[in-house]
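Close look at the chain arrangement
As a plain string of letters, each chain reads:
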Number of protein chains: 2
Amino acid sequence: VIRRTWVNGVEQNTISASDRGLQFGDGLFETMALIGGKVRHVERHLDRLTLGCGRLGIPCPRRAELLDEFSRFAGAEGRAVLKLVLTRGVSERGYRIPESLQPTRILSHNDRPNYPAEWWEQGVKVRWCKTTLSGQPALAGLKHLNRLEQVLARREWSDPDIAEGLMCDRRGYLIGGTMTNVFLVRGKTLTTPRVDECGVAGTMRTTILELANALGLEGAVQEIAGVDVAKAEEMFLTNALIGAWPVHQLGELRLPRSTVTRQVQSLLASSSPNRFRA
Amino acid sequence: VIRRTWVNGVEQNTISASDRGLQFGDGLFETMALIGGKVRHVERHLDRLTLGCGRLGIPCPRRAELLDEFSRFAGAEGRAVLKLVLTRGVSERGYRIPESLQPTRILSHNDRPNYPAEWWEQGVKVRWCKTTLSGQPALAGLKHLNRLEQVLARREWSDPDIAEGLMCDRRGYLIGGTMTNVFLVRGKTLTTPRVDECGVAGTMRTTILELANALGLEGAVQEIAGVDVAKAEEMFLTNALIGAWPVHQLGELRLPRSTVTRQVQSLLASSSPNRFRA
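Residues numbered from 1 in each chain as written. Chains lettered and ligands numbered in written order. Predicted model: local features only at pLDDT ≥ 70, side-chain atom pairs only at ≥ 80, totals over all residues. Heavy atoms only, no water.

1. So, the sheet that holds strand E7 (residues 104-111) of chain B
Residues and elements named next belong to chain B. A sheet is described by the order of its strands in space; here six strands give the open sequence E2-E1-E7-E6-E4-E5, paired in antiparallel fashion. At either end of the open sheet lies a strand with only one pairing partner, and these are strand E2 (10-11) and strand E5 (38-39). Summarising the sheet, strand E6 (residues 79-87) and E7 pair through eight bridges and their orientation is antiparallel. Each bridged residue has a counterpart across the sheet, and for Leu-86 the counterpart in E7 is Arg-105. Here helix H2 (residues 42-56) sits on the sheet and contacts strand E4 (27-35), E5 and E6; the angle it forms with E4, its principal contact strand, is near 175°. Together, strand E1 (2-7), E4, E5, E6 and E7 form the strand contacts of helix H3 (residues 63-73), whose direction differs from that of E7 by roughly 30°. (Pairing = 2+ DSSP bridges. Helix = DSSP H or I, 4+ residues; strand = E, 2+ residues; numbered from the N terminus. Contact = heavy atoms within 4.5 Å. Axes fitted to C-alpha atoms, helices over the stretch in contact; angles between N-to-C directions.)

As C-alpha coordinates, this is what we get:
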(Lines give C-alpha, C1' and ligand atoms only; values in the text may rest on other atoms or scores of the structure.)
Protein backbone atom coordinates (compact mmCIF):
# COMPACT_ATOMS: atom_id res chain seq x y z
CA VAL A 1 0.00 0.00 0.00
CA ILE A 2 1.30 3.44 -0.92
CA ARG A 3 1.48 5.61 2.17
CA ARG A 4 2.81 8.94 0.90
CA THR A 5 4.08 10.43 -2.37
CA TRP A 6 6.25 13.44 -3.08
CA VAL A 7 6.66 15.05 -6.49
CA ASN A 8 9.82 17.14 -6.81
CA GLY A 9 10.00 17.25 -3.03
CA VAL A 10 6.41 18.40 -2.45
CA GLU A 11 3.90 16.00 -0.94
CA GLN A 12 1.24 15.30 -3.58
CA ASN A 13 -0.09 12.17 -5.27
CA THR A 14 -0.64 13.57 -8.77
CA ILE A 15 1.56 14.43 -11.73
CA SER A 16 0.93 16.41 -14.89
CA ALA A 17 -1.02 14.49 -17.53
CA SER A 18 1.60 15.84 -19.99
CA ASP A 19 4.51 14.19 -18.21
CA ARG A 20 6.65 12.23 -20.64
CA GLY A 21 6.77 9.40 -18.11
CA LEU A 22 3.10 8.82 -18.90
CA GLN A 23 3.16 9.82 -22.58
CA PHE A 24 6.10 7.60 -23.59
CA GLY A 25 7.43 5.77 -20.54
CA ASP A 26 10.28 8.26 -20.87
CA GLY A 27 12.05 7.73 -17.57
CA LEU A 28 13.59 5.38 -15.03
CA PHE A 29 12.75 3.94 -11.65
CA GLU A 30 14.37 2.42 -8.58
CA THR A 31 12.59 0.24 -6.03
CA MET A 32 14.51 0.36 -2.77
CA ALA A 33 14.29 -1.52 0.52
CA LEU A 34 13.97 0.73 3.56
CA ILE A 35 15.29 -0.99 6.65
CA GLY A 36 15.14 0.94 9.91
CA GLY A 37 14.81 4.21 8.02
CA LYS A 38 17.78 3.57 5.72
CA VAL A 39 17.86 2.62 2.04
CA ARG A 40 19.70 -0.67 1.65
CA HIS A 41 22.44 -0.55 -1.01
CA VAL A 42 21.59 3.05 -1.76
CA GLU A 43 24.84 3.66 -3.69
CA ARG A 44 24.09 0.78 -6.05
CA HIS A 45 20.63 2.20 -6.77
CA LEU A 46 22.07 5.64 -7.44
CA ASP A 47 24.82 4.16 -9.63
CA ARG A 48 22.24 2.44 -11.83
CA LEU A 49 20.05 5.56 -11.94
CA THR A 50 23.07 7.64 -13.00
CA LEU A 51 23.95 5.11 -15.70
CA GLY A 52 20.36 5.12 -16.96
CA CYS A 53 20.20 8.91 -17.03
CA GLY A 54 23.41 8.96 -19.05
CA ARG A 55 22.09 6.45 -21.57
CA LEU A 56 18.69 8.13 -21.97
CA GLY A 57 20.12 11.66 -21.84
CA ILE A 58 18.09 12.67 -18.79
CA PRO A 59 19.87 15.16 -16.48
CA CYS A 60 20.47 13.19 -13.28
CA PRO A 61 19.59 14.93 -10.01
CA ARG A 62 22.61 15.47 -7.76
CA ARG A 63 23.39 12.48 -5.59
CA ALA A 64 23.54 14.55 -2.41
CA GLU A 65 20.06 15.93 -3.10
CA LEU A 66 18.61 12.48 -3.70
CA LEU A 67 20.24 11.12 -0.55
CA ASP A 68 18.89 14.05 1.41
CA GLU A 69 15.40 13.51 0.00
CA PHE A 70 15.54 9.77 0.74
CA SER A 71 16.49 10.36 4.35
CA ARG A 72 13.83 13.04 4.83
CA PHE A 73 11.09 10.76 3.49
CA ALA A 74 12.34 7.38 4.72
CA GLY A 75 10.52 7.30 8.03
CA ALA A 76 11.77 5.12 10.86
CA GLU A 77 9.72 1.94 10.40
CA GLY A 78 11.34 -1.46 10.45
CA ARG A 79 10.62 -2.38 6.83
CA ALA A 80 9.15 -0.38 3.95
CA VAL A 81 9.70 0.34 0.26
CA LEU A 82 10.88 3.61 -1.22
CA LYS A 83 10.23 3.87 -4.95
CA LEU A 84 11.73 6.63 -7.06
CA VAL A 85 10.40 7.36 -10.55
CA LEU A 86 12.47 9.87 -12.50
CA THR A 87 10.96 11.06 -15.78
CA ARG A 88 12.37 13.37 -18.43
CA GLY A 89 9.72 15.94 -17.44
CA VAL A 90 6.62 17.61 -18.81
CA SER A 91 6.47 18.49 -22.50
CA GLU A 92 4.13 19.01 -25.39
CA ARG A 93 2.94 16.20 -27.65
CA GLY A 94 5.62 14.60 -29.84
CA TYR A 95 8.84 12.66 -29.28
CA ARG A 96 11.16 15.63 -29.72
CA ILE A 97 12.74 16.70 -26.43
CA PRO A 98 12.48 20.45 -25.81
CA GLU A 99 15.57 22.21 -24.48
CA SER A 100 16.02 22.79 -20.75
CA LEU A 101 13.37 20.32 -19.65
CA GLN A 102 13.19 19.75 -15.89
CA PRO A 103 13.01 16.07 -14.87
CA THR A 104 10.17 14.98 -12.59
CA ARG A 105 11.06 13.10 -9.38
CA ILE A 106 8.28 11.00 -7.90
CA LEU A 107 9.16 9.41 -4.58
CA SER A 108 6.66 7.10 -2.89
CA HIS A 109 6.78 5.42 0.48
CA ASN A 110 5.07 2.02 0.37
CA ASP A 111 4.31 -0.75 2.81
CA ARG A 112 6.54 -3.78 2.51
CA PRO A 113 5.16 -6.56 0.31
CA ASN A 114 3.55 -9.31 2.35
CA TYR A 115 5.20 -12.38 0.81
CA PRO A 116 4.86 -15.59 2.86
CA ALA A 117 7.79 -16.38 5.17
CA GLU A 118 7.99 -19.84 3.53
CA TRP A 119 9.22 -18.25 0.30
CA TRP A 120 12.53 -17.48 2.00
CA GLU A 121 12.56 -20.63 4.12
CA GLN A 122 11.20 -23.47 1.95
CA GLY A 123 11.68 -21.74 -1.38
CA VAL A 124 9.33 -20.69 -4.16
CA LYS A 125 7.47 -22.30 -7.01
CA VAL A 126 8.01 -20.55 -10.35
CA ARG A 127 6.85 -21.03 -13.95
CA TRP A 128 7.97 -20.27 -17.47
CA CYS A 129 6.34 -17.30 -19.20
CA LYS A 130 5.39 -17.38 -22.87
CA THR A 131 5.98 -13.65 -23.24
CA THR A 132 9.52 -13.12 -24.48
CA LEU A 133 11.87 -10.22 -23.93
CA SER A 134 12.88 -8.29 -27.04
CA GLY A 135 16.50 -7.35 -27.59
CA GLN A 136 17.40 -3.66 -27.37
CA PRO A 137 20.99 -2.94 -26.32
CA ALA A 138 20.23 0.78 -25.93
CA LEU A 139 17.85 -0.02 -23.06
CA ALA A 140 19.11 -3.38 -21.76
CA GLY A 141 20.11 -3.48 -18.10
CA LEU A 142 18.24 -0.28 -17.23
CA LYS A 143 15.21 -0.03 -15.00
CA HIS A 144 13.29 2.16 -17.43
CA LEU A 145 9.55 2.79 -17.53
CA ASN A 146 8.80 0.70 -20.67
CA ARG A 147 7.56 -2.37 -18.82
CA LEU A 148 4.74 -3.77 -20.95
CA GLU A 149 6.59 -7.05 -21.50
CA GLN A 150 6.75 -7.62 -17.75
CA VAL A 151 3.08 -6.66 -17.35
CA LEU A 152 2.07 -9.12 -20.08
CA ALA A 153 4.25 -11.87 -18.58
CA ARG A 154 2.79 -11.30 -15.10
CA ARG A 155 -0.72 -11.60 -16.60
CA GLU A 156 0.04 -15.20 -17.61
CA TRP A 157 -0.73 -16.61 -14.17
CA SER A 158 -2.99 -15.82 -11.24
CA ASP A 159 -2.21 -18.76 -8.91
CA PRO A 160 -1.00 -17.01 -5.72
CA ASP A 161 1.24 -20.01 -4.94
CA ILE A 162 3.42 -19.20 -7.95
CA ALA A 163 5.88 -16.57 -6.81
CA GLU A 164 7.44 -15.60 -10.10
CA GLY A 165 7.59 -16.26 -13.85
CA LEU A 166 10.83 -16.74 -15.78
CA MET A 167 11.29 -14.99 -19.11
CA CYS A 168 13.47 -15.88 -22.09
CA ASP A 169 14.60 -13.82 -25.04
CA ARG A 170 13.39 -14.59 -28.57
CA ARG A 171 16.08 -17.24 -28.99
CA GLY A 172 14.98 -19.15 -25.90
CA TYR A 173 17.77 -17.99 -23.59
CA LEU A 174 16.82 -17.43 -19.96
CA ILE A 175 17.04 -13.76 -18.96
CA GLY A 176 15.31 -13.48 -15.58
CA GLY A 177 12.02 -13.27 -13.71
CA THR A 178 9.43 -10.56 -14.28
CA MET A 179 10.68 -8.74 -11.17
CA THR A 180 13.81 -10.69 -10.22
CA ASN A 181 17.20 -11.78 -11.47
CA VAL A 182 17.99 -15.47 -11.51
CA PHE A 183 21.10 -17.38 -10.42
CA LEU A 184 22.01 -21.00 -11.15
CA VAL A 185 24.50 -23.10 -9.21
CA ARG A 186 26.36 -25.94 -10.88
CA GLY A 187 29.51 -27.37 -9.34
CA LYS A 188 31.61 -24.41 -8.21
CA THR A 189 30.02 -21.95 -10.65
CA LEU A 190 27.37 -19.37 -9.80
CA THR A 191 25.86 -18.20 -13.08
CA THR A 192 23.45 -15.41 -13.93
CA PRO A 193 22.29 -14.44 -17.44
CA ARG A 194 23.78 -11.56 -19.42
CA VAL A 195 21.60 -8.45 -19.47
CA ASP A 196 23.24 -6.56 -22.33
CA GLU A 197 20.47 -7.33 -24.85
CA CYS A 198 17.47 -7.38 -22.52
CA GLY A 199 16.71 -7.75 -18.84
CA VAL A 200 17.55 -5.60 -15.84
CA ALA A 201 20.92 -5.36 -14.08
CA GLY A 202 19.49 -5.72 -10.58
CA THR A 203 21.26 -4.10 -7.65
CA MET A 204 21.02 -7.38 -5.71
CA ARG A 205 22.39 -9.24 -8.75
CA THR A 206 25.50 -7.04 -8.65
CA THR A 207 25.84 -7.52 -4.88
CA ILE A 208 25.63 -11.31 -5.16
CA LEU A 209 28.09 -11.51 -8.06
CA GLU A 210 30.53 -9.69 -5.80
CA LEU A 211 29.84 -12.17 -2.99
CA ALA A 212 30.59 -15.24 -5.14
CA ASN A 213 34.24 -15.42 -4.12
CA ALA A 214 33.36 -15.20 -0.44
CA LEU A 215 31.20 -18.28 -1.02
CA GLY A 216 34.06 -20.19 -2.63
CA LEU A 217 32.30 -19.98 -6.01
CA GLU A 218 33.21 -18.56 -9.35
CA GLY A 219 30.71 -15.92 -10.43
CA ALA A 220 29.87 -16.03 -14.15
CA VAL A 221 27.70 -13.88 -16.39
CA GLN A 222 26.79 -15.86 -19.47
CA GLU A 223 24.12 -17.04 -21.87
CA ILE A 224 21.93 -19.77 -20.43
CA ALA A 225 19.72 -21.70 -22.82
CA GLY A 226 16.32 -22.36 -21.28
CA VAL A 227 16.77 -26.10 -21.84
CA ASP A 228 20.02 -26.02 -19.82
CA VAL A 229 18.23 -24.88 -16.69
CA ALA A 230 17.47 -28.52 -15.88
CA LYS A 231 21.22 -29.08 -15.38
CA ALA A 232 21.31 -26.64 -12.46
CA GLU A 233 21.83 -28.14 -9.02
CA GLU A 234 20.29 -25.13 -7.40
CA MET A 235 18.50 -21.97 -8.43
CA PHE A 236 17.55 -18.76 -6.67
CA LEU A 237 15.89 -15.42 -7.43
CA THR A 238 17.02 -12.02 -6.27
CA ASN A 239 15.90 -8.43 -6.10
CA ALA A 240 16.43 -5.39 -3.92
CA LEU A 241 13.43 -6.16 -1.72
CA ILE A 242 13.51 -9.93 -1.31
CA GLY A 243 17.26 -10.51 -1.16
CA ALA A 244 17.26 -14.17 -2.30
CA TRP A 245 14.48 -16.76 -2.61
CA PRO A 246 15.43 -20.40 -3.23
CA VAL A 247 13.56 -21.91 -6.18
CA HIS A 248 12.33 -25.38 -5.23
CA GLN A 249 10.11 -25.96 -8.23
CA LEU A 250 10.14 -24.66 -11.82
CA GLY A 251 7.17 -26.05 -13.69
CA GLU A 252 7.61 -29.81 -13.29
CA LEU A 253 11.29 -29.56 -12.39
CA ARG A 254 12.14 -30.07 -8.72
CA LEU A 255 15.17 -28.32 -7.26
CA PRO A 256 15.44 -29.57 -3.69
CA ARG A 257 18.90 -28.17 -2.89
CA SER A 258 19.35 -24.69 -1.45
CA THR A 259 22.81 -24.88 0.15
CA VAL A 260 24.28 -21.91 -1.71
CA THR A 261 21.09 -19.89 -1.41
CA ARG A 262 21.27 -20.27 2.39
CA GLN A 263 24.85 -19.00 2.32
CA VAL A 264 23.81 -16.05 0.17
CA GLN A 265 20.98 -15.25 2.58
CA SER A 266 23.41 -15.44 5.52
CA LEU A 267 25.96 -13.19 3.87
CA LEU A 268 23.29 -10.63 3.02
CA ALA A 269 21.99 -10.81 6.58
CA SER A 270 25.45 -10.12 7.97
CA SER A 271 25.32 -6.63 6.43
CA SER A 272 21.56 -6.08 6.48
CA PRO A 273 18.53 -8.32 7.12
CA ASN A 274 17.92 -10.52 4.10
CA ARG A 275 14.32 -11.26 4.90
CA PHE A 276 12.28 -8.34 3.84
CA ARG A 277 9.39 -8.99 6.19
CA ALA A 278 8.39 -8.54 9.80
CA VAL B 1 0.31 23.54 -27.36
CA ILE B 2 -2.08 21.64 -25.13
CA ARG B 3 -5.23 23.66 -24.61
CA ARG B 4 -7.41 21.48 -22.37
CA THR B 5 -7.27 18.04 -20.79
CA TRP B 6 -9.99 15.79 -19.41
CA VAL B 7 -9.37 12.75 -17.22
CA ASN B 8 -12.26 10.27 -17.21
CA GLY B 9 -14.49 13.03 -18.56
CA VAL B 10 -13.57 15.64 -15.94
CA GLU B 11 -11.49 18.65 -16.92
CA GLN B 12 -8.16 18.41 -15.09
CA ASN B 13 -4.53 18.30 -16.17
CA THR B 14 -3.22 15.83 -13.58
CA ILE B 15 -3.37 12.09 -13.08
CA SER B 16 -2.57 9.86 -10.13
CA ALA B 17 1.16 9.29 -9.60
CA SER B 18 0.21 5.61 -9.14
CA ASP B 19 -1.29 5.29 -12.61
CA ARG B 20 0.12 2.27 -14.43
CA GLY B 21 0.48 4.41 -17.54
CA LEU B 22 3.28 6.22 -15.70
CA GLN B 23 4.62 3.26 -13.68
CA PHE B 24 4.98 0.85 -16.63
CA GLY B 25 3.76 2.53 -19.81
CA ASP B 26 0.80 0.19 -19.35
CA GLY B 27 -1.62 1.65 -21.87
CA LEU B 28 -2.34 2.84 -25.40
CA PHE B 29 -2.81 6.13 -27.21
CA GLU B 30 -4.39 7.58 -30.33
CA THR B 31 -3.42 10.90 -31.91
CA MET B 32 -6.32 12.15 -34.00
CA ALA B 33 -6.78 15.00 -36.46
CA LEU B 34 -9.70 17.29 -35.63
CA ILE B 35 -11.00 18.98 -38.74
CA GLY B 36 -13.91 21.39 -38.31
CA GLY B 37 -14.81 19.79 -35.00
CA LYS B 38 -14.76 16.19 -36.30
CA VAL B 39 -12.19 13.44 -35.77
CA ARG B 40 -10.88 12.34 -39.16
CA HIS B 41 -11.02 8.54 -39.61
CA VAL B 42 -12.43 8.10 -36.14
CA GLU B 43 -13.54 4.51 -36.78
CA ARG B 44 -10.01 3.49 -37.74
CA HIS B 45 -8.65 5.00 -34.53
CA LEU B 46 -11.26 3.20 -32.46
CA ASP B 47 -10.62 -0.07 -34.33
CA ARG B 48 -6.93 0.09 -33.47
CA LEU B 49 -7.67 1.07 -29.86
CA THR B 50 -10.05 -1.89 -29.54
CA LEU B 51 -7.45 -4.24 -31.01
CA GLY B 52 -4.83 -2.90 -28.61
CA CYS B 53 -7.12 -3.26 -25.60
CA GLY B 54 -7.79 -6.86 -26.62
CA ARG B 55 -4.10 -7.68 -26.92
CA LEU B 56 -3.10 -6.00 -23.66
CA GLY B 57 -6.20 -7.17 -21.80
CA ILE B 58 -7.41 -3.67 -20.95
CA PRO B 59 -11.22 -3.32 -20.84
CA CYS B 60 -12.03 -1.04 -23.78
CA PRO B 61 -14.44 1.82 -23.12
CA ARG B 62 -17.66 1.54 -25.13
CA ARG B 63 -17.36 3.03 -28.60
CA ALA B 64 -20.49 5.16 -28.20
CA GLU B 65 -19.09 6.68 -25.02
CA LEU B 66 -15.77 7.53 -26.65
CA LEU B 67 -17.50 9.04 -29.69
CA ASP B 68 -19.69 11.09 -27.38
CA GLU B 69 -16.69 12.28 -25.42
CA PHE B 70 -14.77 13.15 -28.61
CA SER B 71 -17.64 15.25 -29.91
CA ARG B 72 -18.16 17.04 -26.59
CA PHE B 73 -14.48 18.00 -26.39
CA ALA B 74 -13.68 18.49 -30.06
CA GLY B 75 -14.41 22.20 -30.28
CA ALA B 76 -15.24 23.79 -33.62
CA GLU B 77 -11.84 25.08 -34.75
CA GLY B 78 -10.59 24.46 -38.25
CA ARG B 79 -7.65 22.25 -37.30
CA ALA B 80 -6.58 20.77 -33.99
CA VAL B 81 -5.34 17.53 -32.45
CA LEU B 82 -7.25 15.29 -30.08
CA LYS B 83 -5.04 12.84 -28.22
CA LEU B 84 -6.46 9.98 -26.20
CA VAL B 85 -4.31 8.09 -23.70
CA LEU B 86 -5.97 5.01 -22.23
CA THR B 87 -4.13 3.35 -19.36
CA ARG B 88 -4.93 0.18 -17.44
CA GLY B 89 -5.66 2.37 -14.40
CA VAL B 90 -4.29 3.12 -10.94
CA SER B 91 -2.77 0.31 -8.91
CA GLU B 92 -0.24 -0.44 -6.21
CA ARG B 93 3.42 -1.12 -6.92
CA GLY B 94 4.18 -4.32 -8.86
CA TYR B 95 3.36 -5.75 -12.28
CA ARG B 96 0.44 -7.88 -11.11
CA ILE B 97 -2.89 -6.49 -12.30
CA PRO B 98 -5.50 -6.27 -9.52
CA GLU B 99 -9.01 -7.41 -10.31
CA SER B 100 -11.66 -4.92 -11.42
CA LEU B 101 -9.24 -2.14 -12.26
CA GLN B 102 -10.83 0.91 -13.90
CA PRO B 103 -8.94 2.19 -16.97
CA THR B 104 -7.92 5.87 -17.05
CA ARG B 105 -8.97 7.94 -20.10
CA ILE B 106 -6.91 11.07 -20.69
CA LEU B 107 -8.19 13.20 -23.54
CA SER B 108 -6.27 16.33 -24.54
CA HIS B 109 -7.09 19.02 -27.06
CA ASN B 110 -3.93 20.37 -28.68
CA ASP B 111 -3.06 23.03 -31.23
CA ARG B 112 -2.20 21.68 -34.66
CA PRO B 113 1.53 21.18 -35.24
CA ASN B 114 3.07 24.06 -37.20
CA TYR B 115 4.96 22.17 -39.89
CA PRO B 116 6.08 24.28 -42.89
CA ALA B 117 3.72 24.24 -45.90
CA GLU B 118 6.73 23.24 -48.07
CA TRP B 119 6.79 19.83 -46.39
CA TRP B 120 3.56 18.93 -48.21
CA GLU B 121 4.41 20.86 -51.38
CA GLN B 122 8.13 20.37 -52.02
CA GLY B 123 8.59 17.35 -49.80
CA VAL B 124 10.71 16.62 -46.76
CA LYS B 125 14.29 15.79 -45.97
CA VAL B 126 14.71 12.71 -43.77
CA ARG B 127 17.60 10.78 -42.26
CA TRP B 128 18.41 7.29 -41.06
CA CYS B 129 18.33 6.69 -37.31
CA LYS B 130 20.90 4.50 -35.59
CA THR B 131 18.41 3.45 -32.91
CA THR B 132 16.81 0.19 -34.00
CA LEU B 133 13.37 -1.19 -33.24
CA SER B 134 13.29 -4.40 -31.24
CA GLY B 135 11.02 -7.25 -32.31
CA GLN B 136 8.05 -8.03 -30.06
CA PRO B 137 5.06 -9.60 -31.84
CA ALA B 138 2.90 -9.20 -28.71
CA LEU B 139 3.15 -5.41 -29.04
CA ALA B 140 3.89 -4.88 -32.73
CA GLY B 141 1.42 -2.72 -34.64
CA LEU B 142 -0.07 -1.21 -31.48
CA LYS B 143 0.21 2.41 -30.41
CA HIS B 144 1.18 1.55 -26.85
CA LEU B 145 2.87 3.78 -24.29
CA ASN B 146 6.31 2.10 -24.39
CA ARG B 147 7.95 4.63 -26.70
CA LEU B 148 11.53 4.94 -25.49
CA GLU B 149 12.91 3.69 -28.80
CA GLN B 150 11.15 6.52 -30.64
CA VAL B 151 12.32 9.05 -28.06
CA LEU B 152 15.94 7.88 -28.43
CA ALA B 153 15.69 7.92 -32.23
CA ARG B 154 14.22 11.45 -32.21
CA ARG B 155 17.15 12.56 -30.01
CA GLU B 156 19.57 11.69 -32.82
CA TRP B 157 19.04 14.95 -34.68
CA SER B 158 18.16 18.56 -33.88
CA ASP B 159 18.35 20.14 -37.35
CA PRO B 160 14.85 21.62 -37.81
CA ASP B 161 15.10 21.10 -41.58
CA ILE B 162 15.03 17.32 -41.10
CA ALA B 163 11.39 16.36 -40.82
CA GLU B 164 11.71 12.74 -39.78
CA GLY B 165 14.09 9.87 -39.08
CA LEU B 166 13.69 6.37 -40.51
CA MET B 167 14.13 3.36 -38.26
CA CYS B 168 15.12 -0.22 -39.08
CA ASP B 169 14.80 -3.41 -37.11
CA ARG B 170 17.86 -5.25 -35.79
CA ARG B 171 18.31 -7.02 -39.14
CA GLY B 172 18.46 -3.74 -41.08
CA TYR B 173 14.94 -3.89 -42.51
CA LEU B 174 13.13 -0.57 -42.84
CA ILE B 175 10.12 -0.32 -40.51
CA GLY B 176 9.04 3.33 -40.54
CA GLY B 177 9.69 6.84 -39.24
CA THR B 178 9.70 7.77 -35.55
CA MET B 179 6.15 9.14 -35.93
CA THR B 180 5.18 8.09 -39.46
CA ASN B 181 4.70 5.08 -41.70
CA VAL B 182 6.66 4.93 -44.92
CA PHE B 183 5.58 3.98 -48.45
CA LEU B 184 7.79 3.23 -51.46
CA VAL B 185 6.72 3.35 -55.10
CA ARG B 186 8.42 1.17 -57.69
CA GLY B 187 6.77 0.51 -61.01
CA LYS B 188 3.12 -0.30 -60.30
CA THR B 189 3.75 -1.39 -56.72
CA LEU B 190 3.09 0.66 -53.60
CA THR B 191 4.95 -1.00 -50.74
CA THR B 192 4.95 -0.41 -47.01
CA PRO B 193 6.87 -2.45 -44.41
CA ARG B 194 5.29 -5.21 -42.34
CA VAL B 195 4.54 -4.19 -38.77
CA ASP B 196 3.98 -7.61 -37.21
CA GLU B 197 7.35 -7.69 -35.43
CA CYS B 198 7.77 -4.00 -34.64
CA GLY B 199 6.41 -0.65 -35.79
CA VAL B 200 2.95 0.87 -35.65
CA ALA B 201 -0.01 0.04 -37.91
CA GLY B 202 -0.90 3.66 -38.64
CA THR B 203 -4.50 4.59 -39.39
CA MET B 204 -3.34 6.58 -42.43
CA ARG B 205 -1.23 3.59 -43.53
CA THR B 206 -4.38 1.44 -43.59
CA THR B 207 -6.31 4.14 -45.45
CA ILE B 208 -3.62 4.46 -48.12
CA LEU B 209 -3.25 0.71 -48.60
CA GLU B 210 -6.99 0.68 -49.33
CA LEU B 211 -6.55 3.53 -51.84
CA ALA B 212 -3.84 1.72 -53.83
CA ASN B 213 -6.27 0.19 -56.31
CA ALA B 214 -7.93 3.55 -56.94
CA LEU B 215 -4.46 4.81 -57.92
CA GLY B 216 -3.92 1.96 -60.37
CA LEU B 217 -1.27 0.48 -58.07
CA GLU B 218 -0.86 -2.81 -56.32
CA GLY B 219 -0.57 -2.31 -52.55
CA ALA B 220 1.96 -4.60 -50.89
CA VAL B 221 3.01 -5.16 -47.30
CA GLN B 222 6.43 -6.72 -47.23
CA GLU B 223 9.93 -6.73 -45.84
CA ILE B 224 12.08 -3.93 -47.22
CA ALA B 225 15.83 -4.15 -46.68
CA GLY B 226 17.27 -0.73 -45.86
CA VAL B 227 19.72 -1.06 -48.76
CA ASP B 228 16.80 -1.60 -51.19
CA VAL B 229 15.35 1.81 -50.42
CA ALA B 230 17.64 3.32 -53.08
CA LYS B 231 15.68 1.34 -55.70
CA ALA B 232 12.48 3.27 -54.93
CA GLU B 233 11.28 5.72 -57.55
CA GLU B 234 9.31 7.62 -54.98
CA MET B 235 8.84 7.64 -51.23
CA PHE B 236 6.34 9.25 -48.88
CA LEU B 237 5.55 9.40 -45.18
CA THR B 238 2.12 9.19 -43.60
CA ASN B 239 0.36 9.65 -40.31
CA ALA B 240 -3.06 10.66 -39.03
CA LEU B 241 -2.13 14.32 -38.76
CA ILE B 242 0.01 14.99 -41.82
CA GLY B 243 -1.73 12.79 -44.36
CA ALA B 244 1.21 12.30 -46.74
CA TRP B 245 4.55 14.09 -47.12
CA PRO B 246 6.69 13.39 -50.20
CA VAL B 247 10.29 12.50 -49.28
CA HIS B 248 12.64 14.38 -51.59
CA GLN B 249 15.85 13.57 -49.77
CA LEU B 250 16.95 10.67 -47.56
CA GLY B 251 20.51 11.28 -46.35
CA GLU B 252 22.44 11.70 -49.60
CA LEU B 253 19.77 10.01 -51.72
CA ARG B 254 17.64 12.34 -53.85
CA LEU B 255 14.07 11.32 -54.67
CA PRO B 256 12.78 14.01 -57.02
CA ARG B 257 9.57 12.28 -58.13
CA SER B 258 6.32 12.72 -56.22
CA THR B 259 3.68 11.75 -58.80
CA VAL B 260 1.99 9.08 -56.69
CA THR B 261 2.29 11.13 -53.50
CA ARG B 262 0.36 13.95 -55.24
CA GLN B 263 -2.37 11.49 -56.19
CA VAL B 264 -2.51 10.20 -52.61
CA GLN B 265 -2.78 13.76 -51.31
CA SER B 266 -5.59 14.47 -53.79
CA LEU B 267 -7.51 11.35 -52.89
CA LEU B 268 -7.22 12.13 -49.18
CA ALA B 269 -8.34 15.71 -49.87
CA SER B 270 -11.43 14.48 -51.68
CA SER B 271 -12.72 13.01 -48.41
CA SER B 272 -11.03 15.37 -45.96
CA PRO B 273 -8.30 18.02 -46.26
CA ASN B 274 -4.91 16.37 -46.51
CA ARG B 275 -2.94 19.40 -45.38
CA PHE B 276 -3.12 19.56 -41.69
CA ARG B 277 -2.35 23.26 -41.39
CA ALA B 278 -4.02 26.68 -41.72
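2. Some remarks on H2 of chain B
Along its 15 residues, H2 of chain B runs 21 Å from first to last C-alpha, staying within 8% of the 21 Å computed at 1.5 Å per residue. For H2 of chain B, the full list of buried residues reads Val-42, His-45, Leu-46, Arg-48, Leu-49, Gly-52, Cys-53 and Leu-56 of chain B. Seen end-on, H2 of chain B carries its buried residues on one side only, within an arc spanning 160°. Against helix H5 (148-154) of chain A together with E4, E5, H3, E6 and helix H6 (203-211) of chain B lie the buried residues of H2 of chain B. Gly-57 of chain B sits one or two residues past H2 of chain B and shows a positive phi near 75°. (Expected span 1.5 Å × (residues − 1). Buried < 20%, exposed > 50% of the residue type's maximum accessible area, 1.4 Å probe, protein only. Arc of directions from axis to C-beta.)

3. Focus: the sheet that holds strand E1 (residues 2-7) of chain A
All names here are of chain A. Pairing is antiparallel across the open sheet formed by six strands, whose spatial order is E2-E1-E7-E6-E4-E5. Strand pairing shows two members of the sheet lacking a second neighbour, strand E2 (10-11) and strand E5 (38-39), which therefore form its edges. Pairing of E1 with E2 involves two bridges; the strand directions are antiparallel. The residue of E2 that forms the bridge with Trp-6 is Glu-11. The strands that helix H3 (residues 63-73) touches are E1, strand E4 (27-35), E5, strand E6 (79-87) and strand E7 (104-111); relative to E7, the one it contacts most, it runs at about 30°.

4. A short note on the environment of Arg-93 of chain B
For Arg-93 of chain B, the location among the structural elements is in the loop between E6 and E7. Take Arg-93 of chain B: its relative accessible area is 26%, and that puts it in the partly exposed class. C-alpha separation for the pair Arg-93 of chain B and Leu-237 of chain B, spaced 144 residues apart in sequence, amounts to 40 Å. Setting aside chain neighbours within four positions, we find Arg-93 of chain B in contact with Thr-31, Val-81, Lys-83, Asn-110, Pro-113 and Leu-241 of chain A.

5. Topic: the packing of aromatic side chains
Applying the stated criterion across every chain yields a total of 16 aromatic pairs over all chains. For the pair Trp-6 of chain A and Phe-73 of chain A, a centre-to-centre distance of 4.0 Å together with 10° between the ring planes defines the contact as stacked. Residue Trp-6 of chain A is located in strand E1, and its partner Phe-73 of chain A is located in helix H3; the two are separated by 67 residues in the primary sequence. Here Trp-6 of chain A matches Phe-73 of chain A in class, with each residue buried. A ring pair is formed by Phe-24 of chain B and Tyr-95 of chain B, whose centres lie 4.9 Å apart and whose planes are at 50°; its orientation type is tilted. With Phe-24 of chain B in helix H1 (residues 20-24) and Tyr-95 of chain B in the loop between E6 and E7, this residue pair connects regions lying 71 residues apart in the sequence. For the residue pair Phe-24 of chain B and Tyr-95 of chain B, the accessibility class agrees, reading buried in each case. An aromatic cluster is built from Tyr-115, Trp-119, Trp-120 and Trp-245 of chain A, whose rings are joined through pairwise contacts. A cation sits over an aromatic face here: Arg-154 of chain A above Trp-157 of chain A, 4.0 Å from the ring centre. (Phe/Tyr/Trp six-rings, centres within 6.5 Å; stacked < 30°, edge-to-face > 60°. Lys NZ or Arg CZ within 6 Å of the ring centre and 35° of its normal.)

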